[in-house]
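Letter by letter, the chains look like this.
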Amino acid sequence: MSSAPVYLAHPSSLEHDTGPHPERAERIPAIERELEARGWLGFTRVESPAASREALLAVHPERHVEMIATAAARGGGMIDADTVVSAGSYTAALHAAGGAVSLVDRLLEGSAPTGFSAHRPPGHHAEAARAMGFCLFNNIAVAARHAVDAHGLERVMIVDWDVHHGNGTDDIFHEEPRVLFLSIHQSPLYPGTGAAADVGSGPGRGYTVNLPVAPGSGNDVYRSLIDHVAVPLAHRFAPQLLLISAGFDAHAHDPLADCLVTEEGFAAMAGSLRDAAAGLGIPVGGVLEGGYDLRALARSVAATLEVLGDAGADFAAVSGPGAGSGAAAPPVSADAQRALARLDAFWPGIAA
Ligand SMILES: [Zn+2]
């Protein structure tokens, strides 16, 4: 495929004014300065459209969409103790969801081999009818639902490596077997959900995979869960699309959490997921979530994009988890062993 990887953004992200707040407008220019300095790593920049009403309403009830629109039209205010709406927030949120939807369209139509949707507000804490945790609409959920509804996909996998549990995405797809949601998150930490025992419900049982990790967890813990849990699960589930809820607040320098992942760790996780997707013959794309140390965020996004967009990777030669990502896979950690033992109830033989 000769098309270039795509970086989706929109100026409205800068008009979501949160005041003195870790989730601040400066995050986006910090990322873009780093990418600019690195020649955009081969990514083509594209301006995101606003999400269609149809795509939004497939996840969020109309009253929720109207609540955000009305709050912004009135000049904004606090939704909860952490979550701000400003006059520009509704437009920003429409484009944040629209960027993720457009990423899915481009990946599934084959016009981009991979891509990254870089907007604010982030999305993974937003439930269908509840904005929370800096999030107004659940961008990645809207995009995954669009992949199912508009493109007819039967299996979409979301890997959420943001340091916080993606409670909104978990909730939205709790009963949905067509969307497998896997989250690695620090516990205890906001929002307090995401216990290992939360495995989905109804027909979605086994399609929600929560992998809480202790404060202080670093590259080896995260990478072991990606290589030894997420990747084997991807091979069993056989998704037609892989999306990453890519927060970078598990970074060692992040002020909001206590994990110790580095740029190299994010690159390694991205490499393992890229190789898994290549092995399955499916596209993979990322949607920005958290990440609040500007330098760590910018460098980690760049490290991730460099790996995702690595057209030189020899996908055909991929032979195992982590192959081609530049470092040997770590051994199966205790966390990964426990997770595999639990998953065996739903995916027999996965622990073998
Ligand atoms: Zn986060």
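To be clear, the structure that these remarks concern was listed above.
Remember, it's a predicted structure, so these values are computed and weren't measured experimentally.

Draft legend 1. Inspection of the coordination of the zinc ion at higher detail. The protein atoms that coordinate the zinc ion are Asp 162 (OD), Asp 162 (OD), His 164 (ND1) and Asp 249 (OD), at distances of 2.0 to 2.7 Å. Taken together, the four donor atoms coordinating the zinc ion span angles of 53 to 155° at the metal, a pattern that classifies the geometry as irregular. Sequence positions of the residues that donate to the zinc ion give the spacing D-x1-H-x84-D. Linking Asp 162 in the loop between strand 6 (156-160) and helix 6 (167-172) with Asp 249 in the loop between strand 9 (241-246) and helix 8 (263-280), this pair joins segments that are 87 residues apart in sequence.

Draft legend 2. Fine view of the sheet that holds strand 7 (residues 179-186). With respect to topology, eight strands assemble into an open sheet ordered 2-1-5-10-9-6-7-8, the strand pairing being parallel. Each edge of the sheet is formed by a strand with only one pairing partner; in this case those strands are strand 2 (44-47) and strand 8 (208-213). Strand-to-strand twist of the sheet, defined as the mean angle between neighbouring strand axes without regard to direction, takes the value 15°. Pairing of strand 7 with strand 8, which is carried by six bridges, proceeds in the parallel orientation. Bridge assignment links Leu 182 to a residue of strand 8, and that residue is Val 209. Sheet strands touched by helix 1 (residues 27-37): strand 1 (6-9), strand 2 and strand 10 (284-288). Its angle to strand 1, the strand with the most contacts, is close to 155°.

Draft legend 3. Summary view of the side chain of Asp 249. Among buried charged residues, Asp 249 stands out as having no salt bridge; its nearest opposite-charge side chain is Arg 27, 7.0 Å away. For Asp 249, the side chain forms a polar contact with the side chain of His 164, separated by 3.0 Å. When residues no more than four places from it in sequence are discounted, the contact partners of Asp 249 are Asp 162, Val 163, His 164, Asp 254, Ala 257, Gly 290, Gly 291 and Tyr 292.

Draft legend 4. Up close: the packing of helix 7 (residues 219-237) against helix 10 (residues 334-343). For the pair helix 7 and helix 10, interaxial distance at closest approach is 9 Å and the crossing angle is 25°. In this view, helix 7 runs roughly parallel relative to helix 10, as classed from their interaxial angle. The chirality of how helix 7 crosses helix 10 is right-handed. Touching Val 221, Ser 224, Leu 225, His 228, Val 229 and Leu 233 of helix 7 are Asp 335, Ala 336, Ala 339, Leu 340 and Leu 343, all from helix 10.

Draft legend 5. Looking closely at the nonpolar core. Judged by nonpolar contacts, the single largest core of 60 residues is most densely connected at Tyr 7, Phe 116, Trp 161, Leu 182, Tyr 222, Val 229 and Phe 248. With nine residues, helix 7 is the largest single contributor of residues to this core. Not counting residues up to four positions away in its chain, the partners in contact with Val 229 are Leu 182, Leu 211, Ser 224, Ala 336, Ala 339, Leu 340 and Leu 343.

Draft legend 6. Focus on the pairing of strand 10. Taking burial as the measure, the five residues of strand 10 include five buried ones, the bulk of the element. Relative to strand 10, strand 5 (residues 114-117) is paired through four bridges, and the arrangement is parallel. Paired with Ser 117 across the two strands is Val 287, which belongs to strand 10. Relative to strand 10, strand 9 runs parallel, the two being bridged by five bridges. Its bridge partner lying in strand 10, Ser 245 is registered against Val 287. Once you follow strand 9 into helix 8 and on to strand 10, the crossover reads as right-handed.

Draft legend 7. Examining the packing of aromatic side chains more closely. Counted according to the given criterion, the structure contains nine aromatic pairs. Judged by centre distance (6.2 Å) and plane angle (70°), the ring pair of Trp 161 and Phe 248 falls under edge-to-face. One end of the pair, Trp 161, is in the loop between strand 6 and helix 6; the other, Phe 248, is in the loop between strand 9 and helix 8, with 87 residues separating them in the sequence. You can call Trp 161 buried: its relative accessible area is 0%. Residue class for Phe 248 comes out buried when judged on its relative accessible area of 1%. An aromatic cluster is built from Trp 161, Phe 248 and Phe 266, whose rings are joined through pairwise contacts.

Parameters at a glance
- Residues numbered from 1 in each chain as written.
- Predicted model: local features only at pLDDT ≥ 70, side-chain atom pairs only at ≥ 80, totals over all residues.
- Heavy atoms only, no water.
- Donors = N, O, S within 2.8 Å, 3.2 Å for Na, K, Ca; no water.
- Tetrahedral: all angles 85-135°; square planar, octahedral: opposite > 155°, others 65-115°.
- Helix = DSSP H or I, 4+ residues; strand = E, 2+ residues; numbered from the N terminus.
- Pairing = 2+ DSSP bridges.
- Axes fitted to C-alpha atoms, helices over the stretch in contact; angles between N-to-C directions.
- Contact = heavy atoms within 4.5 Å.
- Buried < 20%, exposed > 50% of the residue type's maximum accessible area, 1.4 Å probe, protein only.
- Lys, Arg positive; Asp, Glu negative; His and termini not counted.
- Salt bridge = Lys/Arg side-chain N within 4 Å of Asp/Glu carboxyl O.
- Polar contact = N/O pair within 3.5 Å; in protein donor to acceptor, adjacent residues only side chain to side chain.
- Parallel < 35°, antiparallel > 145°, perpendicular 65-115°, else oblique.
- Left-handed = near helix turned anticlockwise from the far one by under 90°.
- Core = buried A, V, L, I, M, F, W, Y, C linked by side-chain atoms within 4.5 Å.
- Right-handed = clockwise from strand over helix to strand, strands pointing away.
- Phe/Tyr/Trp six-rings, centres within 6.5 Å; stacked < 30°, edge-to-face > 60°.

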